[in-house]
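A structural walkthrough
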2 protein chains.
Amino acid sequence: MAKNPQKIRIKDIAEMAGVSAGTVDRVLHGRGKVSPAALKAVEEVLNRVNYNPNIYLSSISIRKRIKIVFVTPHTQGSQYWQQIHEGFSKALNEYSVVDLTSEVYTYDQYDLYNCRTTYSKVLEAKPDAVVIGPTFKDETIRLTQTLDEEHIPYAYVDSMVEGTNPMAFYSAKQDSCGYLIAKLIRQTTPADSEYALFQAMRVGDESANNTIQRKIGFMEFFHQNRLGDKVHRLNFSPLDKAYNDKALADFFAAHPNVKGAAVLSSRGSIITDSLKRIGINHIKTICLDPTSDNVAAMMDGHLDFLVGQRPELQGFLAVETLLKNIICGGHPAVENYMPLDIITRENIDFYKEYVVQNSAVGGGGM
Amino acid sequence: MAKNPQKIRIKDIAEMAGVSAGTVDRVLHGRGKVSPAALKAVEEVLNRVNYNPNIYLSSISIRKRIKIVFVTPHTQGSQYWQQIHEGFSKALNEYSVVDLTSEVYTYDQYDLYNCRTTYSKVLEAKPDAVVIGPTFKDETIRLTQTLDEEHIPYAYVDSMVEGTNPMAFYSAKQDSCGYLIAKLIRQTTPADSEYALFQAMRVGDESANNTIQRKIGFMEFFHQNRLGDKVHRLNFSPLDKAYNDKALADFFAAHPNVKGAAVLSSRGSIITDSLKRIGINHIKTICLDPTSDNVAAMMDGHLDFLVGQRPELQGFLAVETLLKNIICGGHPAVENYMPLDIITRENIDFYKEYVVQNSAVGGGGM
DNA sequence: TACTTTTGTGTGTACGTCCACAAAGGTGTG
DNA sequence: CACACCTTTGTGGACGTACACACAAAAGTA
């Protein structure tokens, strides 16, 4: 530690390389018009010292107004996506020194055609950068092809679309998530227990692919422990309470040894509410995301565990990465997996506010 | 969202108030020499708009070199304190635009006199800001009185000393931590289990007060559930393996129903190593902090849960808060409790690198 | 050889903030 | 009324970065 490792400026590099600041600038920004000799001299110095320009200083000097476009499934009714958008807002706020404009487009994740028209609006908006919450693979590939052609950087939140070249993506490892849920539910129930895997009839808040990955991880745990036959599946309705009450009552009558229940989406409170109504207690229940309904159910003592995947941080980091790239250049880490937070009644206070906790140096790796 | 809420500059405020930028600057920095009329006009505008200066821009303009002094227990042999110091380094790195100097002083947390002489060195260093990892209450009160007199801001990491006026403190809620550990160990063992509470003979890595608080929270859980008599205590040695092997073998012979073990410090791997040597398996074990020993024990399958308290984030935020205050002024939140992260083999990858995850907007509240 | 074009280089200005200094205004005294 | 003295105010430079522009040197053309 001790004294500050002498901050090096463009001027310093220029001096060391025996050229002017303008030449160093041209090398840094790849603006050409530099003789091979000068280029070599500057690059040698750049390799020796580690120069990192400050984004805030760069951004006040930059002339351009940056337009960033967000395109995700509708946030209406999905706290998960709402939280991702919260992260967008916080990043825009954090980087308010930069002359930023933003536009938000959301689409119906069950309607391919709606997604297609929404994606076309994204292109019409002539963005400088795009954050994508993808659902339809082929449509997204088509969108990103155009973005690639026009050299518009983009980043994903929630999940990655293979076969595309994003600046970065931010998501949780969904199979690990499923595996973790299985482990937790198993660990907190007696050895001879059986288990329920509840699935919403129509996939709720997130892309179907994520739910599938979670299920793969979930079942992997049980198969590894030769408990595959202890898991019983049941579909429930995201809306029809009467249906759920009946279905769950029948289910638990048929499977009296079921002591733990997993919902591989954020809809866990629907199950616990139903269990409460039909008077079934002491079923350990676990699902995803500290949504307000889930937080309430947990404080109520009906939900035992939640697994959080930091949606807000995903949104924040996606924006930050794109901005840093546009303003300072440089290439960040492409794959970024979020921590899977295990949330119980005892530590929920720290997670329910969805606080974006500083990427600072650790994560970004610019 | 849409367009950027027009960034307001000092010049804008000056125009609105009908004065020059210099006057606004004097008001902002409380440098006096402003007529009552001008003061009122500027303050009215400042109340209307929300002006937030950028720390990076301020810091390049500021003339002063800032000296920040860190004083904590020795980091030798304590990964917890090492991680806090990691956070210091990352903050210094993040704010390398600022002309910073730092000095580190560490003291023997078992030696009051050593602490006293170390504290006096802190004052001799004439710091602009101090980060304190406190152990001895009275000594710290004395130190901070001098700091208060000289208007030197300070912040605590790890714990707070009552009766002092820090800029802020960053710590985990230790009683919640103990309570959480109790809950986890209870939830993952059969209903008729008994429990072991292992304590290092000489408190290990952190202040004794923290360990006491954890024990209070731990016992509170068991008393609330009328299980106070199910907890058996045993002391172990941080160093003497042979002693531990003998003591643990005797203990488990005497208490065959003990199925869960808690260590309310980061020394859990000492217990699991000993259990491994004497051939006792299937005791659920839980302790604090993903130190490298604990991570190894967890990957090995011998430690079941760890509770993390983000030491690195504590260090990072303490420095950030002080710097923001010195450079931009403004008053941050004083009380800042870290999340208690529940760590298992399945999610340890995300926590073991002790990544500082961006405070950004959420936490700081400047 | 004179002239244009191309290529490479340095200089100057702007960004928002802080702060030193100079200018302007006001008050009181000889 | 002139002068010094104090209070208040405005102006201009500096920080580090980006970029436009002007200029110099080299190369090409007539």
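Since the structure is predicted, the reported quantities are computational estimates derived from the model, not experimental observations. (Residues numbered from 1 in each chain as written. Chains lettered and ligands numbered in written order. Predicted model: local features only at pLDDT ≥ 70, side-chain atom pairs only at ≥ 80, totals over all residues. Heavy atoms only, no water.)

A closer look at the state of the cysteines
Residues and elements named next belong to chain B. A complete count under the given rule lists zero disulfides over all chains for this structure. Free cysteine: C177, not disulfide-bonded; nearest cysteine sulfur from C287 at 10 Å. Residue C177 is classed as buried on the basis of its relative accessible area, which comes to 0%. (Disulfide = S-S within 2.5 Å. Buried < 20%, exposed > 50% of the residue type's maximum accessible area, 1.4 Å probe, protein only.)

Some words on the packing of helix α6 (residues 112-124) of chain A against helix α7 (residues 137-149) of chain A
Residues and elements named next belong to chain A. The contact between α6 and α7 brings their axes to 10 Å, and the two run at 10°. Classified by the angle between their axes, α6 and α7 sit roughly parallel to one another. Of the residues in α7, those in contact with L112, C115, R116, Y119 and L123 of α6 are E139, T140, R142, L143, T146 and L147. Classifying every residue of the contact of α6 with α7 gives six nonpolar, two polar and three charged. (Axes fitted to C-alpha atoms, helices over the stretch in contact; angles between N-to-C directions. Helix = DSSP H or I, 4+ residues; strand = E, 2+ residues; numbered from the N terminus. Parallel < 35°, antiparallel > 145°, perpendicular 65-115°, else oblique. Contact = heavy atoms within 4.5 Å. Nonpolar A, V, L, I, M, F, W, Y, C, P; charged D, E, K, R; others polar.)

Some remarks on the protein's contact with DNA strand D
Neighbouring DNA strand D are 22 residues; A:R9, A:R31, A:S61, B:S20 and B:S35 lie closest to it. When the atoms of DNA strand D within 4 Å of the protein are sorted by group, sugar and phosphate make up 73%. Within the side chain of A:R31, an N or O atom sits 2.8 Å from a phosphate oxygen of DNA strand D. One nitrogen or oxygen atom from the main chain of B:S20 is found 2.7 Å from a phosphate oxygen belonging to DNA strand D. Of all the elements in the fold, those that place two or more residues in the surface near DNA strand D are α4 (55-61) of chain A together with α2 (21-28) and α4 (55-61) of chain B. At four residues, α4(A) tops the list of elements feeding residues into the surface near DNA strand D. Looking at the surface near DNA strand D, its residues break down into nine nonpolar, eight polar and five charged. (Near = heavy atom within 4 Å. Polar contact = N/O pair within 3.5 Å; in protein donor to acceptor, adjacent residues only side chain to side chain.)

Focus on the sheet that holds strand β1 (residues 66-73) of chain A
Residues and elements named next belong to chain A. If you trace the six strands from one edge of the open sheet to the other, you get β2-β1-β3-β4-β5-β11, paired in parallel fashion. Strands with a single pairing partner mark the edges of an open sheet, and in this sheet they are β2 (100-107) and β11 (335-337). Averaged over all neighbouring strand pairs, the angle between strand axes comes to 15°, with direction disregarded. Note: strand β4 (residues 154-157) against strand β5 (residues 168-171), three bridges, orientation parallel. The residue bridging A155 from the neighbouring strand is A168, located in β5. (Pairing = 2+ DSSP bridges.)

Thoughts on α6(A)
Residue and element names in this part refer to chain A. Its 13 residues give α6 an end-to-end C-alpha distance of 19 Å, which sits within 8% of 18 Å, the value for a rise of 1.5 Å per residue. Those residues of α6 lying buried are C115, T118, Y119 and V122. Down the axis of α6, the smallest arc covering the buried residues is 105°, so these residues share one side. Those residues of α6 that are exposed and aimed more than 90 degrees away from the buried face are Y113 and E124. The backbone nitrogen of Y113 lies 2.9 Å from a side-chain oxygen of the residue at the head of α6, namely D111. (Expected span 1.5 Å × (residues − 1). Arc of directions from axis to C-beta.)

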